[in-house]
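Each chain, letter by letter, is given below.
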Amino acid sequence: MPCTSVFGAQWGDEGKGKIIDRLSANADVVVRYQGGANAGHTVVVGAEEYILHLIPSGILHPGKVNVIGQGVALDPVQFLDEVDGLRARGVAVDPSNLRLSANAHVIFEYHMRLDQLAERWRGEGRIGTTGRGIGPAYADKTARTGLRVCDLLEPEHCKTRLRAALAEKNALIERVHGCEPFDFDTQFDRYVSLGDRLRSFVCDTGAEVRAAADGGKHVLFEGAQGFMLDIDGGTYPYVTSSNTGVAGIAAGAGFPPGRIDRSIGIAKAYCTRVGEGPFPSELHGAEAERLRAAGNEFGATTGRPRRCGLFDVPAMRYSLELNGADGWIMTNLDVLTGFDEIRVGTRYRRGDERWHDYPAHLPTLAGITVEAEGRPGWTEDITGVRMFADLPRTAREYVQWVEEQVGSPVLMISVGPDRDQVIDREV
Ligand code: GDP
Ligand code: IMO
Ligand code: MG
């Protein structure tokens, strides 16, 4: 089974970084195929914590090839900072273990400015974006006014494309938003010199990944964000601007969909969401505070407190179904230790209406809450448990019950942030 998709099955921050790092030990190539530095993937190795935004989470394992595919929106400043930051901590990062697609679209300063300005104009309807320029950069890609990494590498070509793009952006920034425009020469010089520093990493990543798969290498596709933030399947318009699940791989990695052998979702044993938008199983007050404190639920990219809620069965079934998941990994089970009763949202409700399945046809989930069912909790510390049979009985029963509700097997359980804190079942 050489090619595996690993995607977030909730609203992001499910623990993808930790799990990808763990699975990378048995992989050869790890590929990011969408999103950008809006992602924050945490990997904990002993006393060291790494937060990766663009570089795939296989980078901490020597000898693995990490690939940033053409579907990623690349902020070159962030990319180079991340390379420098890892090197300063003694992690080997060079063109032999990090490859960057020539066709990845570039995030410019004006994308970040426009992201923030658009949020101001949305007012009450603001999305709560990460401010990393993601929406405007993908909009330009689709509008065919974007610049790609390969464009930065050819200054004359870059000059023509950037001049046209910036003229339009500056008109928008000045005349619509009433803000200072960007100086063309400054931007051009800056991004061409950034391009020079990217050059050694740049290649046709799709060709390399396909060749690796042809050679029997094990390829892991690392999703960013979560499926409920997917531009098509998520809680639109409170979503990110890419296809976060399996559907993003073909276009974003340049890899034929039929060659993906296995698909695995990642979900917390409860739910979190950062930013605005509907969250049917959201908790408020003391219950939410308790979960936030126990799980240290603060954003890895923006530091914002994460909204916390109950595990959401209808959304999870929907996520796994659309991604053809063969199973899923449950993270943060340890965070539920000490709760007398653990409740799970099993049906959606709005007034007299009930939904067993996720109602993807509605314009909004606003006003929908969940009907919850509970199971007894446990008090024992489970962070040192490595075998399913060694979990407290009620923890085992909780996992098995959620598994039945979701209708898909739990392949692995994570019981702490460290790469070793997992209970393997079938992965
Ligand atoms: P990602 O975006 O999906 O990679 O997730 P983040 O890194 O944004 O957030 C997950 C947080 O949970 C990080 O702080 C991880 O170190 C932490 N984490 C991952 N797995 C576990 C777990 O099983 N238990 C606990 N307590 N923390 C975990
Ligand atoms: P990882 O990969 C959680 C959310 C933002 C906002 C919405 C749109 O770490 O799981 P954007 O900046 O993408 O235009 O913001 O999506 N968001 C995330 N939430 N985890 C992430 O990434 C996220 N990336 C974006 O908070 O609600
Ligand atoms: Mg994250």
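Conventions adopted
Residues numbered from 1 in each chain as written. Chains lettered and ligands numbered in written order. Predicted model: local features only at pLDDT ≥ 70, side-chain atom pairs only at ≥ 80, totals over all residues. Heavy atoms only, no water. Axes fitted to C-alpha atoms, helices over the stretch in contact; angles between N-to-C directions. Helix = DSSP H or I, 4+ residues; strand = E, 2+ residues; numbered from the N terminus. Parallel < 35°, antiparallel > 145°, perpendicular 65-115°, else oblique. Left-handed = near helix turned anticlockwise from the far one by under 90°. Contact = heavy atoms within 4.5 Å. Nonpolar A, V, L, I, M, F, W, Y, C, P; charged D, E, K, R; others polar. Phe/Tyr/Trp six-rings, centres within 6.5 Å; stacked < 30°, edge-to-face > 60°. Buried < 20%, exposed > 50% of the residue type's maximum accessible area, 1.4 Å probe, protein only. Lys NZ or Arg CZ within 6 Å of the ring centre and 35° of its normal. Domains from an automatic or database assignment. Buried area = accessible area lost by both parts, 1.4 Å probe. Salt bridge = Lys/Arg side-chain N within 4 Å of Asp/Glu carboxyl O. Near = heavy atom within 4 Å. Polar contact = N/O pair within 3.5 Å; in protein donor to acceptor, adjacent residues only side chain to side chain. Areas by Shrake-Rupley, 256 points an atom, 1.4 Å probe, with all protein chains shown as cover. Donors = N, O, S within 2.8 Å, 3.2 Å for Na, K, Ca; no water. Pairing = 2+ DSSP bridges.

**A short note on the packing of helix H6 (residues 155-176) against helix H7 (residues 184-198)**
Alright, step 1. In the contact formed by H6 and H7, the axes pass within 10 Å of each other and the chain directions differ by 135°. What the angle tells us is that H6 and H7 run oblique. Here H6 and H7 pass one another in a crossing that is right-handed. Taken together, the residues of H7 that come into contact with H6 (itself represented by Pro-155, Cys-158, Lys-159, Leu-162, Arg-163 and Leu-166) are Phe-184, Gln-187, Phe-188 and Val-192.
Alright, step 2. Residues belonging to the contact of H6 with H7 are distributed by class as follows: seven nonpolar, one polar and two charged.

**Digging into the packing of aromatic side chains**
Alright, step 1. Overall, the coordinates contain eleven aromatic pairs when judged by the stated rule.
Alright, step 2. Aromatic pair Phe-108 and Tyr-110: ring centres 5.2 Å apart, planes at 5°, arrangement stacked.
Alright, step 3. Judged by relative accessible area, which is 0%, Phe-108 ranks as buried.
Alright, step 4. Accessibility expressed as a relative area gives 1% for Tyr-110, which makes it buried.
Alright, step 5. The cationic tip of Arg-89 hangs over the ring face of Tyr-50; the distance from NZ or CZ to the ring centre is 4.0 Å.

**A short note on the domain arrangement of the protein**
It is common to give the size of an interface as the accessible area that goes away when the parts come together.
Alright, step 1. Looking at the protein, the domain boundaries give domain 1 (3-101 + 203-264), domain 2 (105-198) and domain 3 (267-424).
Alright, step 2. Taken together, the 25 residues of domain 1 in the interface contact 20 residues of domain 2.
Alright, step 3. Both sides of the domain 1 and domain 2 interface together cover about 1800 Å² of buried area, and 62% of this is carbon and sulfur.
Alright, step 4. Looking only at domain 1, the three residues that lose the most surface to domain 2 are Pro-76, Leu-80 and Tyr-238, adding up to 26% of its buried area.
Alright, step 5. There are one salt bridge connecting domain 1 and domain 2.
Alright, step 6. A salt bridge links Arg-197 to Asp-84, with the shortest nitrogen-to-oxygen separation between them at 3.4 Å.

**Remarks on the site of ligand 1**
Alright, step 1. Residues in close proximity to ligand 1 total 19 residues, the closest being Gly-15, Lys-16, Thr-42, Asp-334 and Ser-414.
Alright, step 2. Between an oxygen atom of ligand 1 and a side-chain N or O atom of Arg-306, the distance comes to 3.1 Å.
Alright, step 3. One nitrogen or oxygen atom from the main chain of Asn-332 is found 2.9 Å from an oxygen atom belonging to ligand 1.
Alright, step 4. Relative to its unbound accessible surface of 580 Å², ligand 1 loses 92% to contact with the protein.
Alright, step 5. Classifying every residue of the shell around ligand 1 by side-chain character gives five nonpolar, eight polar and six charged.
Alright, step 6. When residues are assigned to domains, the shell around ligand 1 turns out to be shared by domain 1 (3-101 + 203-264) and domain 3 (267-424), each giving three or more.

**Concerning the coordination of the magnesium ion (ligand 3)**
Alright, step 1. Ligation of the magnesium ion (ligand 3) by protein atoms is provided by Asp-13 (OD) and Gly-40 (O), these donors lying 2.0 to 2.2 Å from the ion. One end of the pair, Asp-13, is in the loop between strand S1 (3-8) and helix H1 (16-24); the other, Gly-40, is in the loop between strand S2 (29-32) and strand S3 (41-45), and 27 residues separate them in sequence.

**Observations regarding the environment of Ser-319**
Alright, step 1. Relative to the helices and strands, Ser-319 resides in helix H11 (residues 313-322).
Alright, step 2. Each C-alpha atom of the pair Ser-319 and Gly-226 lies 9.0 Å from the other, and the pair is 93 residues apart in sequence.
Alright, step 3. A distance of 2.7 Å separates a polar side-chain atom of Ser-319 from the backbone oxygen of Ala-9.

**Overview of the sheet that holds strand S7 (residues 98-101)**
Alright, step 1. Taking strand neighbours across the sheet as the criterion, the ten strands line up as S9-S7-S5-S2-S10-S1-S11-S15-S19-S20 in an open arrangement whose pairing is mixed. Two strands lie at the open edges of the sheet, namely strand S9 (202-203) and strand S20 (422-424), each paired on one side alone.
Alright, step 2. Sheet topology note: the strand S11 (residues 262-268)/strand S15 (residues 327-331) ladder contains five bridges and is parallel. Bridge assignment links Gly-265 to a residue of S15, and that residue is Trp-328.

**So, the pairing of S3**
Alright, step 1. Pairing between S3 and strand S4 (residues 48-52): five bridges, direction antiparallel. Paired with Val-44 across the two strands is Glu-49, which belongs to S4.
Alright, step 2. The antiparallel pairing of S3 with S4 creates a hairpin that spans two residues between the two strands, and Gly-46 there sits at a positive phi of about 60°.

**Points about the pattern of salt bridges**
Alright, step 1. Enumeration according to the criterion identifies 26 salt bridges in this entry.
Alright, step 2. As a salt-bridge pair, Arg-425 and Glu-403 come within 3.1 Å of each other at their nearest N and O atoms. Placement of Arg-425 in the segment after S20 and of Glu-403 in helix H12 (residues 393-406) is noted, with a sequence separation of 22 residues between them.
Alright, step 3. Among the charged side chains, a salt-bridge network with shared partners connects Asp-13, Lys-268, Glu-297 and Arg-306.

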